[in-house]
Amino acid sequence: MSQKSITRIENRILASLPAGEYARLVPHLKLITLEYKQVLFESHKPLRYAYFPVDCVISMVSTMFDKTIVEVGLAGRDEMVCVATFLGANSTPHQGIVQRQGRAIRIRANVLHDEFRRGGKLQELLLRHTQALLVQIAQTSVCNRLHSLESRLCRWLLMMHDRVQADEFVLTQDIISMMLGAQRTGVTEAAGALQKRGIISYNRGRMVILGRQKLEEKACECYWIVREERDRLNGIRPTHNPLRSQPR
């Protein structure tokens, strides 16, 4: 992949770098295509690369001893995957799985770590990303403990919709069940309720968002807490939060 091709690729973190820092990284960046359900890294195994999604979506998941899988983080074109690489760790207890196929920019872990230690703009951006990820992980834990499955499903669909930037995407009920740490029967019931209200259309693993605004109204506050923190750290103008206008 030529350097010229890399310079046309959009990832918010890389696109926000000063020209000098970006030029220094370009020889080490490789544009790759990731397949749906592809495993990028395993838990407790050496981390060789970090990934900057372009139009793919990557989930960080935790697997329990009984093989139960629960998502702890989700990353798209505004983010990156494998914070452990620049923080100096050579492994993570989580697994990285491609949630939506597409392109990503890959960089060797040691190169990213060395650039991070220079203390430039990349360091600032990666630390902001880490803060946003910590909020996402913490709020996901709260959400899974306190909120209904339907609200959690709405939150997760909105997070996917934000990153996919398309109304239709591949999504099986088995995957949703794993990501939410819920029984498949519960997911079927929750998705069916949303479909009856005309908010989504779901058939044969194809999810279509029909009513973004209604989905936002049905989602719990956890989606908005994570979204507003991410936008704040990225310097993005806040999106209207319908929950703030509701009477308490």
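This section reports on the structure supplied with the text. On a predicted model such as this, the values are computed, not experimentally measured, just so you know.

**Quick notes on the packing of helix 7 (residues 149–164) against helix 11 (residues 221–234)**
Part 1 of the reasoning: Two elements in contact, helix 7 and helix 11, have axes whose closest approach is 9 Å; the angle formed by their N-to-C orientations is 30 degrees. Between helix 7 and helix 11, the interaxial angle falls into the category roughly parallel. Once helix 7 is placed against helix 11, the crossing between them reads as right-handed. Every residue of helix 11 that contacts helix 7 at R155, L158, M159, D162 and R163 is listed here: C222, Y223, R227 and R230.
Part 2 of the reasoning: For the contact of helix 7 with helix 11, the class distribution of residues is four nonpolar, no polar and five charged.

**Re the sheet that holds strand 3 (residues 49–53)**
Part 1 of the reasoning: Ordered by their spatial adjacency, three strands build an open sheet running 1-7-3, and the pairing between neighbours is antiparallel. Since the sheet does not close on itself, it has two edges, and those belong to strand 1 (30–34) and strand 3, each with one partner. The mean inter-strand angle of the sheet, taken between neighbouring strand axes irrespective of direction, is 40 degrees.
Part 2 of the reasoning: The pairing of strand 1 with strand 7 (residues 102–108) spans five bridges and is classified as antiparallel. Along strand 7, the bridge assignment pairs T33 with R103.
Part 3 of the reasoning: Contacts between helix 5 (residues 109–116) and the sheet are confined to strand 3 and strand 7, with strand 7 contributing the most and set at about 70 degrees to the helix.

**Brief notes about the packing of helix 7 against helix 8 (residues 173–180)**
Part 1 of the reasoning: The interhelical angle for the contact between helix 7 and helix 8, taken along N-to-C directions, is 105 degrees, at an axis separation of 11 Å. One element, helix 7, and the other, helix 8, form an angle in the roughly perpendicular class. Residues L149, R152, L153, R155 and W156 of helix 7 form the contact with helix 8, whose participating residues are I176, M179 and L180.
Part 2 of the reasoning: Looking at the contact of helix 7 with helix 8 residue by residue, the class counts come to six nonpolar, no polar and two charged.

What counts as what
Residues numbered from 1 in each chain as written. Predicted model: local features only at pLDDT ≥ 70, side-chain atom pairs only at ≥ 80, totals over all residues. Heavy atoms only, no water. Axes fitted to C-alpha atoms, helices over the stretch in contact; angles between N-to-C directions. Helix = DSSP H or I, 4+ residues; strand = E, 2+ residues; numbered from the N terminus. Parallel < 35°, antiparallel > 145°, perpendicular 65-115°, else oblique. Left-handed = near helix turned anticlockwise from the far one by under 90°. Contact = heavy atoms within 4.5 Å. Nonpolar A, V, L, I, M, F, W, Y, C, P; charged D, E, K, R; others polar. Pairing = 2+ DSSP bridges.

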